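Report on the structure
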Amino acid sequence: MGTDPRPVAAHIRHVIKLLRSPQADSPCSDAVAHVTDLFDRSVPPAQQTLLACRKSCSHCCTQMVVLTAPEAFFVAAQIRKRPKTIAAVVDVARQTGTLSLEERLRAKVMCPMLEAALCTIYAARPLGCHGFVSTNLNSCLAAFERLETPDIPMPQDNISVLYASRMLLLAALRLADLRDSTYEMNSALSAILTADNAEQRWLAGEDILAGVKTEAAPPPQFEDAIRKMAAFVAPTV
Ligand code: SF4
């Protein structure tokens, strides 16, 4: 994912193809897996050595996680056969689903995907979790343990790749005539996991997340970039 729009356009077309694949068990999982794999391959390896993030470090997993519906279907596919996790998701959604970002942080409720300080859906974690990294543990402790004003230092490359990945996914959803709204993770998962054939119905155009509050739309600059990218790709879809 660089400045040349043609490779990004090719990835957008591929994501659309995956979303429209009728034979797949979970087209959304395949589409999001492609984007997250691209994310992982796009962050320069040298950046990883700068990070303070380590296995079993989960201080930041009390934050609100915001995701698109396809990301939620990908997570749901990982936990569908884990009744305890599903019960925890429903419980955390009930406790925190309507809180603001700041209130969610102050509630200090851990993500229900965590077990023994490890993310049990690590490979399928939402893009926001992929992109949330830090180069300084003390800043994380200040923000998430002592609840001081968050000031987490992140490498610019990680931020750029996160924006590009989100842009790519949102442009693909629009071009595939699918909803591009974003939701609080546990609330979206609760709705998905308690509905029959949720993903198939959503892909067919039914708004099975209609009862879940949507989060803020992308900021104008980001929105402009998504529109331009979608317009660039549209003639070839
Ligand atoms: S999904 Fe995983 S990485 Fe994201 S907040 Fe939950 S435990 Fe942490």
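For the structure itself, consult the block above.
Residues numbered from 1 in each chain as written. Predicted model: local features only at pLDDT ≥ 70, side-chain atom pairs only at ≥ 80, totals over all residues.

1. Some thoughts on the site of the ligand
In the region of the ligand, the neighbouring residues are Cys61, Val65, Cys111, Met113, Leu114, Cys119, Ile121, Arg125 and Cys129. For the shell around the ligand, the residue count by class is eight nonpolar, no polar and one charged. (Near = placed C-beta within 6 Å. Nonpolar A, V, L, I, M, F, W, Y, C, P; charged D, E, K, R; others polar.)

2. A few points about the environment of Ser56
Tracing the backbone shows Ser56 in the loop between helix H3 (45-48) and strand S1 (66-68). Taking the C-alpha atoms as reference points, Ser56 and Ile208, 152 residues apart in sequence, are found 35 Å from one another. Residues in contact with Ser56, not counting those within four places in the same chain, are Ala117 and Leu118. (Helix = DSSP H or I, 4+ residues; strand = E, 2+ residues; numbered from the N terminus. Contact = placed C-beta atoms within 7 Å.)

3. Structural notes on the environment of Phe144
Residue placement: Phe144 occurs in helix H8 (residues 137-145). Taking C-alpha positions, Phe144 is 27 Å from Phe222, a pair spaced 78 residues apart along the chain. With residues up to four places along the chain from it excluded, the contact list for Phe144 reads His59, Cys60 and Thr62.

4. Points about the packing of helix H2 (residues 27-42) against helix H4 (residues 69-79)
Running from amino to carboxyl end, H2 crosses H4 at an angle of 105 degrees, the nearest separation of the two axes being 8 Å. It follows from the interaxial angle that H2 and H4 lie roughly perpendicular. Between H2 and H4, the contacting residues are Cys28, Ser29, Ala31, Val32 and Ala33 on the first element and Pro70, Glu71, Phe73, Phe74 and Ala77 on the second. For the contact of H2 with H4, a count of residues per class yields eight nonpolar, one polar and one charged. (Axes fitted to C-alpha atoms, helices over the stretch in contact; angles between N-to-C directions. Parallel < 35°, antiparallel > 145°, perpendicular 65-115°, else oblique.)

5. Quick look at the nonpolar core
Core analysis: the largest hydrophobic core is formed by 58 residues, its most contacted members being Val15, Ala72, Leu168, Ala172 and Ala188. The leading source of residues in this core is helix H9 (residues 156-175), at eleven residues. (Core = buried A, V, L, I, M, F, W, Y, C linked by C-beta atoms within 7 Å. Buried ≥ 20, exposed ≤ 12 C-beta atoms within 10 Å, placed from the backbone.)

6. Notes on unusual backbone geometry
Although it is not a glycine, Ala117 sits at a positive phi angle of roughly 65 degrees. Tracing the backbone through its elements, the reader meets Ala117 in the loop between strand S2 (114-115) and strand S3 (118-119). Of note, the phi angle at Leu147 is positive, near 55 degrees, even though the residue is not glycine. Relative to the assigned elements, Leu147 resides in the loop between H8 and H9.

7. Notes on the packing of helix H1 (residues 5-19) against H2
For any two helices packed against each other, one specifies the inter-axial angle together with the distance between the axes. At a closest axis distance of 7 Å, the pairing of H1 and H2 adopts a crossing angle of 155 degrees. Taken as axis vectors, H1 and H2 run roughly antiparallel relative to one another. Facing His11, His14, Val15, Leu18 and Leu19 of H1, the residues of H2 in contact are Pro27, Cys28, Asp30, Ala31, His34, Val35 and Leu38. Partitioned by chemical class, the residues of the contact of H1 with H2 number eight nonpolar, three polar and one charged.

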